[in-house]
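# Results of the structural survey
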Amino acid sequence: MNKVEEFEELRPLLFSIAYRMLGSVSEAEDAVQETWLRFDGSATCPTSVKAFLSTTVTRISIDVLRSARVRREEYVGPWFPEPLLSDPYQDPARSAELADSVSMAALLLLERLSPLERSVFVLREVFGFGFDDIASAVGRSEAACRQLLVRARRHMEAGRPRFEADRQERDELAKRFFDALREGDVVGLRDLLAADVQMVGDGGGKAPQLARAVVGAENVARLLASVFPLMARIDVTCEPQQVNAEPGAVFRDRDGKVLHTLALDVLDGQIQTIRTVINPDKLGHLGPVADAWTISDEVKRARRQTE
């Protein structure tokens with residue numbers, strides 16, 4: 001294969017590494033493009049193209065992540081990763097790790113790690129790289145990488161739930177949730193929510209968002225049941241689909257433009273967290289983006305007409 005063919009064969013892997021490092025589709029795509037430029041401009045042929053490209057995209061992602069820390073500290077409201085509808089990299093031998101590591105909950109846990117801890121954890125736990133390749137990628141000894149992994153695992157395990165949801169049970173619960181959502185069924189919604197469920201939105205100060213997290217099954221159920229039927233009246237549609245390997249949906253306006261995404265964190269037979277991303281800067285990779293402020297005004301008018 002020539003350089004272009006070799007790179008394109010590995011592009012899905014490179015994107016998947018970068019996305020888990022950065023939590024951003026756009027930044028991951030930029031990191032992959034920069035990796036190509038460095039590969040194309042290299043005069044020497046690496047012994048292992050996979051190792052060379054993985055090392056390069058990891059180092060670029062570490063640099064971006066370090067600069068992103070300041071931006072995220074100044075972010076308006078809760079910060080969530082850019083929603084990912086499908087992971088381009090598939091490996092049947094590591095399908096469980098790949099799915100778990102791309103969930104909103106897992107990516108938010110990764111935010112707790114230092115850039116080096118995060119890179120070692122992603123390369124080792126998610127993609128199964130050897131410590132020799134990891135050491136080369138992060139510029140540390142193998143012994144140091146093992147220590148970084150121990151610390152990363154400790155942080156990740158401290159934040160993980162004790163019980164994992166069965167995938168089929170989770171999907172069936174999500175179907176019931178969206179059915180109740182369309183009907184504005186408060187009781188039906190409440191029965192699916194954990195007592196301490198949280199609903200949190202990421203608008204980044206650029207779209208209407210909740211002033212704070214809504215907590216408790218009754219509060220969340222009443223909010224959902226009061227808002228989403230009104231959205232349906234102004235022709236906002238709900239398309240259930242996987243969002244970051246979790247049950248979720250993409251909401252669109254009457255012209256088919258993306259309004260926001262919603263992801264459900266399901267554990268122990270109940271919905272524990274509902275996360276929405278409405279920041280338009282995080283939705284552009286999904287298609288044309290709706291004007292959320294206009295939709296908000298239309299919902300308010302629809303509410304007044306029903307009162």
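For the structure itself, consult the block above.
An account of the accompanying structure is given in this report. (Residues numbered from 1 in each chain as written. Predicted model: local features only at pLDDT ≥ 70, side-chain atom pairs only at ≥ 80, totals over all residues. Heavy atoms only, no water.)

## Details of empty space enclosed by the protein
Here the structure, examined in full by the defined rule, presents 1 cavity of 30 Å³ or more. In this structure, the largest cavity spans a volume of roughly 40 Å³. Taken together, A51, S54, T55, T58, L123, F129, D133, I134 and A137 make up the full set of residues lining the largest cavity. At the level of secondary structure, the elements contributing two or more residues to the lining of the largest cavity comprise α3 (49–73) and α7 (131–138). No other element matches α3, which puts 4 residues into the lining of the largest cavity. Classifying every residue of the lining of the largest cavity gives 5 nonpolar, 3 polar and 1 charged. (1 Å grid on protein atoms, 1.4 Å probe; cavity = no way out; pocket = protein on both sides within 12 Å on 5 of 7 lines; lining within 4 Å. Points joined across faces, edges and corners; volume = space filled by probe spheres on them. Helix = DSSP H or I, 4+ residues; strand = E, 2+ residues; numbered from the N terminus. Nonpolar A, V, L, I, M, F, W, Y, C, P; charged D, E, K, R; others polar.)

## A word on the packing of aromatic side chains
Remark: the centre distance and the inter-plane angle together describe each pair of aromatic rings, the angle taken between the planes. Summed over all chains, the structure comprises 7 aromatic pairs. Their ring planes at 55° and their centres at 5.2 Å tell us that F7 and W36 sit as a pair that is tilted. Taken together, the positions of F7 in helix α1 (residues 3–22) and W36 in helix α2 (residues 25–41) put the pair 29 residues apart, joining distant regions of the chain. On the accessibility criterion, F7 (1% relative accessible area) is buried. An aromatic cluster of at least three residues, connected via ring pairs, comprises F7, W36, F39 and F52. Here the guanidinium or amino end of R146 rests over the ring plane of F131, the centre of that ring lying 4.1 Å away. (Phe/Tyr/Trp six-rings, centres within 6.5 Å; stacked < 30°, edge-to-face > 60°. Buried < 20%, exposed > 50% of the residue type's maximum accessible area, 1.4 Å probe, protein only. Lys NZ or Arg CZ within 6 Å of the ring centre and 35° of its normal.)

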